[in-house]
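Here are the chains, one letter per residue:
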Amino acid sequence: MKDIARELGVSVATVSRALKDSPRISVEQRQKIQQYAREHNFIPNMLAENLRHSRVQPVKIIGVIIPELVHYYFATILKGIEEEAGAHGYHIMVAQSGEQYEREVQLCRSFYENKVCGIIVSQAKNTQQYDHFLRLQEAGVPLVFFDRICTGVNASRVVVDDYMGAFNATTHLIETGCRRIAYFGSQPNLEIAKNRFNGYKDALLKHGLPFQQEMTRICDNRHDAEMITPQMFDGDIYPDAFFAINDETAIGILYTVKHMGLRVPEDVSICGFTNDDRATSSDPMLTTVEQRGIQVGEEAADILIGHVEGTIPLNHAERRIVRTRLILRGTTR
């Protein structure tokens, strides 16, 4: 408000009243100040305004944005974030983007307006513009990405070793006799999708098996898996194994091939990626790559708190990798 007052040659009090649409300021003056504020991306600090007349110290709150609350992996990450934050006297404020870019932008703005001390975020699937994250950085808000990182922003991040997880899973399928391994993945704009696809592809090439584009599909949920899996068996060449980008998709594959009369794992092997509760409740139980979500959450919160408290410089992009583990169960030989 001081900047606006200086540029327009008015008092800070006048700016404050105009932004609150006070009738004590003329309509013309109000419009002039409000327009200038909009053009220069001014956002009022609601928490500061509420505390201005209070002796109460602001609560240490970390904003967390996740794509979906119902997703097992994100739920385990939240558990890790909350436990690590709580151990240091912080609270978390959680919101879901619903996999929508516009909602994600809105949440970033809302968290900033309410002056959270920092934000931990996993970007939405369809996010391809990053101005909202850059604006947070320009405003000095600590930012930490997890799982789905934003490569267009130089910020701290915590990921699992997606490439090696996929490489090891595919290698296991090959070493147990599979030769026609299908891959069900996600949109290539997501870094995790790229890394898991590359791990799958490189494992094939390393073991002398050809990469076949027709063996890959964009398919990252159960519904689509149940629709697409039968199509994989229409031609003369069909899969003897599937590697899926997540357990939800793998369960859809398992359900479908069993209803097609195929035996698992004798006819078709299946491997997922997550190790959620469904992996041990399926029949047979699912071989999968364990992501260790709680540790991911703990690491993300640790970095964010480090940025807030100054033990990790705000201009230093911390990068941490959580190792995966292949869990062998009944869907592979």
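Quick note: structure is the one above.
Here we summarise the structure given alongside this text.

Procedures and definitions
Residues numbered from 1 in each chain as written. Predicted model: local features only at pLDDT ≥ 70, side-chain atom pairs only at ≥ 80, totals over all residues. Heavy atoms only, no water. Axes fitted to C-alpha atoms, helices over the stretch in contact; angles between N-to-C directions. Helix = DSSP H or I, 4+ residues; strand = E, 2+ residues; numbered from the N terminus. Parallel < 35°, antiparallel > 145°, perpendicular 65-115°, else oblique. Left-handed = near helix turned anticlockwise from the far one by under 90°. Contact = heavy atoms within 4.5 Å. Pairing = 2+ DSSP bridges. 1 Å grid on protein atoms, 1.4 Å probe; cavity = no way out; pocket = protein on both sides within 12 Å on 5 of 7 lines; lining within 4 Å. Points joined across faces, edges and corners; volume = space filled by probe spheres on them. Nonpolar A, V, L, I, M, F, W, Y, C, P; charged D, E, K, R; others polar. Patch = residues over 30% accessible without salt bridge, like charges linked within 9 Å, V, L, I, M, F, W, Y side chains within 5 Å. Areas by Shrake-Rupley, 256 points an atom, 1.4 Å probe, with all protein chains shown as cover. Salt bridge = Lys/Arg side-chain N within 4 Å of Asp/Glu carboxyl O. Right-handed = clockwise from strand over helix to strand, strands pointing away. Buried < 20%, exposed > 50% of the residue type's maximum accessible area, 1.4 Å probe, protein only.

### Digging into the packing of helix α6 (residues 101-113) against helix α7 (residues 131-138)
- As a packed pair, α6 and α7 sit with axes 9 Å apart at the nearest point and diverge in direction by 15°. When the axes of α6 and α7 are compared, the pair comes out roughly parallel. Seen from above, α6 lies across α7 with left-handed handedness. Facing α6, whose interface residues are Y101, E104, V105, C108 and Y112, α7 presents H132, F133, R135 and L136.

### Examining the sheet that holds strand β12 (residues 325-327)
- Strand order in the open sheet formed by six strands is β7-β6-β8-β9-β10-β12, and the pairing between neighbours is mixed. Of all the strands in the sheet, the pair left with one neighbour each is β7 (216-218) and β12. On average, adjacent strands in this sheet sit at an angle of 20° to one another, irrespective of strand direction.
- Pairing geometry for strand β10 (residues 287-290) and β12, over three bridges, is antiparallel. Residue pairing across strands places V289 opposite L326, the latter belonging to β12.

### A short note on the layout of surface pockets
- What the second largest pocket holds in volume is close to 390 Å³.
- Elements with a contribution of two residues or more to the lining of the second largest pocket: α5 (72-87) and α9 (191-206).
- A class-by-class count of the residues in the lining of the second largest pocket yields seven nonpolar, six polar and nine charged.

### Focus on a nonpolar patch on the surface
- On the surface, a cluster of nonpolar side chains totalling about 280 Å² of accessible area is made up of L69, V70 and V94.
- Checked against the element boundaries, V70 lands in the loop between β1 (61-66) and α5.

### Details of the environment of I305
- With respect to the element layout, I305 can be found in helix α12 (residues 293-309).
- Each C-alpha atom, one on I305 and one on C117, is 8.8 Å from the other, the two residues being 188 residues apart in sequence.
- Ignoring any residue separated from it by four or fewer positions in sequence, one finds I305 in contact with I62, E84, A85, H88 and Y90.

### Digging into unusual backbone geometry
- In this structure, P265 follows V264 across a cis peptide bond, with omega equal to 10°.
- Looking at where P265 falls in the secondary structure, it is placed in the loop between α11 (247-259) and β9 (269-274).
- Going from D283 to P284, the amide bond is cis rather than trans, its omega being -5°.
- For P284, the location among the structural elements is in the loop between β9 and β10.
- The backbone phi angle of E99 is positive, close to 65°, even though this residue is not glycine.
- With respect to the secondary-structure elements, E99 resides in the loop between β2 (91-96) and α6.
- The phi dihedral of D147 is positive, around 60°, even though this residue is not glycine.
- Inspection of the secondary structure assignment puts D147 in the loop between β4 (143-146) and β5 (156-160).

### Looking at empty space enclosed by the protein
- Applying the stated criterion to the full structure yields one cavity of 30 Å³ or more.
- Computed from the structure, the largest cavity encloses a volume of approximately 40 Å³.
- Q123, Y130, I149, C150, T151, N189, L190 and E191 together form the lining of the largest cavity.
- Within the lining of the largest cavity, the residues separate by chemical class into four nonpolar, three polar and one charged.

### Some words on the pairing of β2
- As judged from the six bridges shared by β1 and β2, these two strands associate in the parallel manner. Bridge pairing links I61 to H91 in β2.
- Running through α5, the crossover from β1 to the neighbouring parallel element β2 is right-handed.

### Brief notes about the side chain of T216
- Locating T216 in the fold gives a position in strand β7.
- A residue is classified by how much of its surface remains accessible, and T216, at 11% relative accessible area, is buried.
- Setting aside chain neighbours within four positions, we find T216 in contact with Y183, F197, Y200 and F211.

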